[in-house]
Amino acid sequence: MENDSAFVRYQEGLPAMEPFDTANRWEKADGPYQYIVSSGDLYDLFGYRVYSQFQDFDFKKYHILGVQACSKCQLTCRLAGMQSGCHADRCSTSWLWMIRDNDRAFRLIPSLTLEADKFDTLSKAARRNYRDTVMERSSGEKNRKYWYTSAGGDCHAKFSYALLQDKYFPVILMKEWNYYGGCRAGGFWEYTIQFNQPEKNRLYVKRTILMERWKSN
């Protein structure tokens, strides 16, 4: 983590062990990297008490990243210039939370967002079986990926997407902006985001940000 130039400081006071939200003890963290990019993520992960403590957090400039790490590896092995796991007893991992600068942490990946084509049988089958999953299709273009994703909101909701490559962790982060449409009825949409995979394999993380009404220019 000492090579992460986006690092601002460690965030104290967030749970080091699961469950994060004691009111939902059955919930487990999905994956080794927990990105908190909006107040909604705070509420979903930790519940109302923690959410209420971060009312003034500037998510436009910063985000919070949680990673699993062994404190003894960090304090003993790394400082001694040795490999992780060199201490005598077994590694004991806990969640470590850090505040990071958005501009320094991410690189925008050019992408193309297409709403689902109801008449494309191949795309329809892929979405049915691989919703919110990244796949390859024979497009003739090297490293071309297709991220099938679903979105839900009211019947007039609008959505926009961006793919971000973390410069220091092996993650591609999808941000979905879910704009309130003002309708009481519910709606459901499916999208395909096409992009060229950056070098090496990476984990894929999606985060949804709830927004007010869409403002057309």
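Keep in mind it's a predicted model, so treat the numbers as computed, not measured.

Caption draft 1: Spotlight on the nonpolar core. Grouped together as the largest cluster of nonpolar side chains are 15 residues, with contacts concentrated most on Tyr33, Tyr35, Leu65, Val67, Phe106, Phe169 and Leu173. For this core, the secondary structure elements donating two or more residues are β2 (33-36), β3 (62-70), β10 (171-179) and β12 (203-211). Apart from residues lying up to four places away in sequence, Leu65 is in contact with Tyr33, Gln34, Tyr35, Leu96, Trp97, Met98, Arg100 and Phe169.

Caption draft 2: Representation of the sheet that holds strand β8 (residues 144-154) within the structure. Pairing is antiparallel across the open sheet formed by four strands, whose spatial order is β6-β11-β8-β7. In this open sheet, the two strands that pair with only one neighbour each are β6 (111-115) and β7 (133-136). For this sheet, the mean angle separating the axes of adjacent strands, direction not counted, is 25°. Pairing geometry for β8 and strand β11 (residues 186-196), over eleven bridges, is antiparallel. Paired with Ser150 across the strands is Glu190, a residue of β11.

Caption draft 3: Highlighting the confidence of the model for the protein chain. When pLDDT is averaged along the protein chain, the result is 85; 82% of the residues meet or exceed 70. At the low end of the mean pLDDT range in the protein chain sits helix α5 (residues 121-129), at 58; at the high end sits helix α4 (residues 102-105), at 97.

Caption draft 4: Here's a closer look at the environment of Phe59. Counting through the fold element by element, Phe59 comes out in the loop between α2 (48-52) and β3. Assessed through its relative accessible area of 15%, Phe59 is described here as buried. Placed 23 residues apart in sequence, Phe59 and Ile36 show a C-alpha to C-alpha distance of 8.7 Å. Each residue touching Phe59, except ones within four places of it in the same chain, is listed here: Ile36, Val37, Ser38, Ser39, Leu42 and Asn102.

Rules used in this analysis
- Residues numbered from 1 in each chain as written.
- Predicted model: local features only at pLDDT ≥ 70, side-chain atom pairs only at ≥ 80, totals over all residues.
- Heavy atoms only, no water.
- Core = buried A, V, L, I, M, F, W, Y, C linked by side-chain atoms within 4.5 Å.
- Buried < 20%, exposed > 50% of the residue type's maximum accessible area, 1.4 Å probe, protein only.
- Helix = DSSP H or I, 4+ residues; strand = E, 2+ residues; numbered from the N terminus.
- Contact = heavy atoms within 4.5 Å.
- Pairing = 2+ DSSP bridges.
- Axes fitted to C-alpha atoms, helices over the stretch in contact; angles between N-to-C directions.
- pLDDT = per-residue confidence, 0-100.

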